[in-house]
Amino acid sequence: MDAARQAELLNDAGKYLAGGGTGLFILPPELNLVVARGEGSQVWDVAGREYIDYHLSSGPALLGHAHPAITEAVNAQLPKGTTFFFLNEPAIRLAQKMVEAIPCAEEVLYTGSGTEATFYALRVARAYAGRNKVLKFEGAWHGMHDYGLWGTVPGQPSAYPRAQPDSIGVPAQTGETVLVTPFNETARAVEMIERHAKELAAVMVEPLQRVLQPEPGFLEAVREVTRRHGIVMIYDEIVTGFRVAWGGAQERYGVVPDLACYGKAISGGFPLAAVVGRSEIMGVLDARRRPKSETVWATNTLNGNPVCAAAGLAALDVLARPGVYDRLHRVGSRLRAGMIESGQRHGFPVQAPGEDAVWGVRFTERRPLRTWMDLTTHDKDLGWRWAIELMKRGLLVNPNEKFYISLAHTDADVDRTLQIVDDAFAAVK
Ligand SMILES: Cc1ncc(COP(=O)(O)O)c(C=O)c1O
């Protein structure tokens, strides 16, 4: 483990990987790193630096890195074969666990990623409802397919229900079937849904929209109007599932959708995601009862992979233990409160919107933070500089995004983190 080797690897990453990395995420060269290993709440880079991880691979490592229960389950599966396409026991048992845990779930469709899950959920809804259009909320992140990438991070209000594509390469025609309206603007959303009801197959909502909590009555109103018009209400629980509560956002906020998309935490850090929902709707996937030409096609080579499913089963076993969610709330609430207190003491308008298991730090005087446009008042430059100071001092974070905590974060991690947070505020003053 040394700095020269890390520099060489980063150089080769720049040469051989598109964009020099694994996605859009770009760090300044002096802070860029190659992860060598992770254990519990910590990761180490190839240069030997240690970090407390608040990124958790963008959420999946909810148990912490290299959790022994997951390692053991995966090691037990590996010598038995890694992929069959045909049914396997871990996949069946994981589906059963999800149906038992998730309020809306009667059946499960496995996918490989969250992007595929939201993509197929929309197709299932279109097939079920016999309508073409879908509605999403401004600022919601549903993955990288052409229907998700509208109005995700706009700098200014859109000409609702039309929005701008987030990525080049997304066909303009797709946008004609995607309606966008602001999150938490209840009356406006209900009016929009009613106006387009005859064409709308689905309303997809991130119930905790990035770091924005739903206002009381918002999810209830969307539930009521979608039910009244036979529109499929889909929760994107890829972040919230098994994280904000055992029963996800459906349990936390008390409003149950028709379908939900799961990913990240359900497979203990392995690539597996799912669409779950009511049998009546999931029936459009059932080739036992329908001719193939009238069935929704949603099959992928690695779906229900036994290694990923075994990891998922082990992860859910740990999450089912008593006290797990109390612990996440205790650790997260201490960190959130500590970050606000420290920032305000240094004179910054700091807020920490979200839930205790996943939240953001935003620098803005705007209160309350309800909509995506409210979040655009956040001082991104300050947020970036603060995050860089955190990273220099040994916290692994995604600047201007979210803090995720795991079951492995200890009280000692929290103490050390709050000291670093305080030093970082002092440094950017
Ligand atoms: C709420 C939400 N939905 C969907 C996705 C897409 O999932 P994936 O990255 O597995 O494709 C993400 C990814 O971060 C997400 O946060």
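Up top is the structure.
Described in the following lines is the structure provided in the data block.

Reading guide: rules and limits
Residues numbered from 1 in each chain as written. Predicted model: local features only at pLDDT ≥ 70, side-chain atom pairs only at ≥ 80, totals over all residues. Heavy atoms only, no water. 1 Å grid on protein atoms, 1.4 Å probe; cavity = no way out; pocket = protein on both sides within 12 Å on 5 of 7 lines; lining within 4 Å. Points joined across faces, edges and corners; volume = space filled by probe spheres on them. Helix = DSSP H or I, 4+ residues; strand = E, 2+ residues; numbered from the N terminus. Nonpolar A, V, L, I, M, F, W, Y, C, P; charged D, E, K, R; others polar. Buried < 20%, exposed > 50% of the residue type's maximum accessible area, 1.4 Å probe, protein only. Near = heavy atom within 4 Å. Polar contact = N/O pair within 3.5 Å; in protein donor to acceptor, adjacent residues only side chain to side chain. Areas by Shrake-Rupley, 256 points an atom, 1.4 Å probe, with all protein chains shown as cover. Disulfide = S-S within 2.5 Å. Contact = heavy atoms within 4.5 Å. Phe/Tyr/Trp six-rings, centres within 6.5 Å; stacked < 30°, edge-to-face > 60°. Pairing = 2+ DSSP bridges. Lys, Arg positive; Asp, Glu negative; His and termini not counted. Salt bridge = Lys/Arg side-chain N within 4 Å of Asp/Glu carboxyl O. Patch = residues over 30% accessible without salt bridge, like charges linked within 9 Å, V, L, I, M, F, W, Y side chains within 5 Å.

## Things to note about the layout of surface pockets
Looking at the second largest pocket, its volume works out to about 1,200 Å³. Lining the second largest pocket are 33 residues; nearest its centre among them are Leu-87, Val-108, Leu-109, Tyr-110 and Leu-285. Listing elements by their share of the lining of the second largest pocket, those giving two or more residues are helix H3 (89-101) and strand E4 (107-111). In the lining of the second largest pocket, the residues fall into 19 nonpolar, nine polar and five charged.

## A look at the pairing of strand E6 (residues 178-182)
E6 sits mainly inside the fold: five of its five residues count as buried. Burial along E6 is two-sided: the face carrying Val-178, Val-180 and Pro-182 and the face carrying Leu-179 and Thr-181 are both buried.

## Concerning the site of the ligand
As a matter of local geometry, the ligand sits amid Ser-113, Gly-114, Thr-115, Trp-141, His-142, Gly-143, Glu-206, Arg-210, Asp-236, Ile-238, Val-239 and Lys-264. Interatomic distance of 2.8 Å between a backbone N/O atom of Gly-114 and an oxygen atom of the ligand. Between an oxygen atom of the ligand and a side-chain N or O atom of Lys-264, the distance comes to 2.8 Å. Taking 400 Å² as the accessible area of the ligand by itself, protein coverage stands at 80%. Here the shell around the ligand is composed, by residue class, of three nonpolar, five polar and four charged.

## Examining the state of the cysteines
According to the stated counting rule, one finds zero disulfides in the structure shown. The thiol sulfur of Cys-104 is not disulfide-bonded, and the nearest other cysteine sulfur, from Cys-261, lies at 9.3 Å.

## A word on the environment of Ala-352
For Ala-352, the position within the fold is in the loop between strand E11 (350-351) and strand E12 (354-355). Note on Ala-352: relative accessible area 8%, which makes it buried. Between the C-alpha atoms of Ala-352 and Val-211, which are 141 residues apart in sequence, the distance is 8.4 Å. Contact partners of Ala-352, with chain neighbours within four places excluded, come to Arg-336, Ile-340, Trp-359 and Gly-360.

## Quick notes on the packing of aromatic side chains
Tallied over the entire structure, the rule returns 15 aromatic pairs. Measuring from ring centre to ring centre gives 5.8 Å for Phe-242 and Tyr-262, while their planes differ by 70 degrees; the resulting arrangement is edge-to-face. Of this pair, Phe-242 sits in the loop between strand E8 (232-236) and helix H8 (248-253) while Tyr-262 sits in strand E9 (residues 259-262), and the two are 20 residues apart along the sequence. What makes Phe-242 buried here is its relative accessible area of 0%. For Tyr-262, a relative accessible area of 0% translates into the label buried. Aromatic side chains Trp-386 and Phe-425 sit 4.9 Å apart centroid to centroid with 20 degrees between the ring planes, which places their arrangement in the stacked category. One end of the pair, Trp-386, is in helix H13 (residues 380-392); the other, Phe-425, is in helix H14 (residues 411-428), with 39 residues separating them in the sequence. A relative accessible area of 3% places Trp-386 in the buried class.

## Considering the sheet that holds strand E16 (residues 403-404)
Read across the open sheet, the three strands follow the order E12-E13-E16; overall the sheet is antiparallel. Here the strands that pair on one side only, and so sit at the sheet edges, are E12 and E16. Pairing geometry for strand E13 (residues 358-359) and E16, over two bridges, is antiparallel. Its bridge partner lying in E16, Val-358 is registered against Tyr-404.

## Observations concerning the pairing of strand E3 (residues 50-53)
For strand E2 (residues 42-45) and E3, the ladder comprises three bridges, and the chain directions are antiparallel. By the bridge assignment, Trp-44 is partnered in E3 with Glu-50. Looking at chain direction, E3 and strand E15 (residues 395-396) are connected through two bridges and run parallel. Across the sheet, the residue bridging to Ile-52 is Leu-395, located in E15.

## Thoughts on the side chain of Glu-138
By the element assignment, Glu-138 lies in strand E5 (residues 133-138). Look at Glu-138: it is buried, it has no salt bridge, and the nearest opposite charge is Arg-188 at 7.4 Å. A polar atom in the side chain of Glu-138 sits 2.9 Å from the side chain of Tyr-160.

## Thoughts on a nonpolar patch on the surface
Taken together, the side chains of Phe-84, Phe-85 and Phe-86 make up a nonpolar region of the molecular surface, amounting to roughly 390 Å² of accessible area. For Phe-85, the location among the structural elements is in the loop between helix H2 (68-77) and H3. Its relative accessible area of 57% is what places Phe-85 among the exposed residues.

## What to know about unusual backbone geometry
Residue Pro-161 is bonded to the preceding Tyr-160 through a cis peptide linkage, with omega at 10 degrees. Its place among the elements puts Pro-161 in the loop between E5 and helix H5 (172-175). For the bond from Arg-367 to Pro-368, the omega torsion is -10 degrees, close enough to zero to count as cis. Phi is positive for Ala-66, which is not a glycine, with a value near 50 degrees.

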